[in-house]
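Coordinate inspection notes
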Amino acid sequence: MSNLTPTLLAQVAEAACLNPALASLRAAFPGLHLSECSADDVNARLTPALETDSHAFYLVSNCGGHCLSLTADFETASGIVIAAKDPD
């Protein structure tokens, strides 16, 4: 069972808009698994759980065992991938 909620995701997104540095976000949300990448690294067919002008936020699940996968399900989500959009 996850404690990741739409409200928590919105809080992470708001914090990322103010300071997108992963170290800062990890300090602000201890215990929450956070990863970062470029939006270009994520398959364009996938829909982010939340999107801002500068980032797309995807939910991550590890309920399948060894491999992490993106999910749309908050119940199985164990973390967030923060995908930075290209400013161009």
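See the structure shown above.
Below or above, wherever it landed, is the structure these notes cover. (Residues numbered from 1 in each chain as written. Predicted model: local features only at pLDDT ≥ 70, side-chain atom pairs only at ≥ 80, totals over all residues. Heavy atoms only, no water.)

**Points about the overall build of the chain**
- The secondary structure content of the chain amounts to 2 helices and 5 strands.
- Order of helices (α) and strands (β) in the chain, N terminus to C terminus: α-α-β-β-β-β-β.
- Against the globule reference of 12 Å for 88 residues, the chain gives a C-alpha radius of gyration of 12 Å, in line with a compact fold.
- In terms of principal-axis extent, the alpha carbons of the chain reach across some 35 × 30 × 20 Å.
- For the chain, long-range pairs separated by at least 24 residues make up 54% of all intrachain contacts whose partners lie at least 6 apart in sequence.
- Of the roughly 5500 Å² of accessible surface on the chain, a fraction of 53% belongs to carbon and sulfur atoms. (Helix = DSSP H or I, 4+ residues; strand = E, 2+ residues; numbered from the N terminus. Rg over C-alpha atoms; globule rule 2.2 N^0.38 Å. Contact = heavy atoms within 4.5 Å. Areas by Shrake-Rupley, 256 points an atom, 1.4 Å probe, with all protein chains shown as cover.)

**Remarks on the nonpolar core**
- Core analysis: the biggest nonpolar cluster contains 16 residues, and L4, V12, L32, L34, F57, I80 and I82 have the highest contact counts within it.
- Looking at this core element by element, the count peaks at 5 residues for helix α1 (residues 6–18).
- F57 has contacts with L9, V12, A13, A16, P48, A49, L50, T52, I80, V81 and I82, leaving out every residue within four places of it along the chain.
- Formed by 6 residues, the second largest nonpolar core is a distinct cluster that contains A56, Y58, V60 and V81. (Core = buried A, V, L, I, M, F, W, Y, C linked by side-chain atoms within 4.5 Å. Buried < 20%, exposed > 50% of the residue type's maximum accessible area, 1.4 Å probe, protein only.)

**Some remarks on the environment of S54**
- Mapped onto the elements, S54 comes out in the loop between β2 (50–51) and β3 (55–61).
- The spacing of S54 and A16 is 38 residues in sequence and 8.9 Å in space, taken between C-alpha atoms.
- Residues within four places of S54 in sequence aside, it is in contact with C17, A83, A84 and K85.

**With respect to the environment of A23**
- Tracing the chain through its elements places A23 in helix α2 (residues 22–28).
- Look at A23 and you get exposed, because its relative accessible area is 62%.
- Sequence-wise, A23 and L34 are 11 residues apart; in three dimensions their C-alpha atoms are separated by 9.6 Å.

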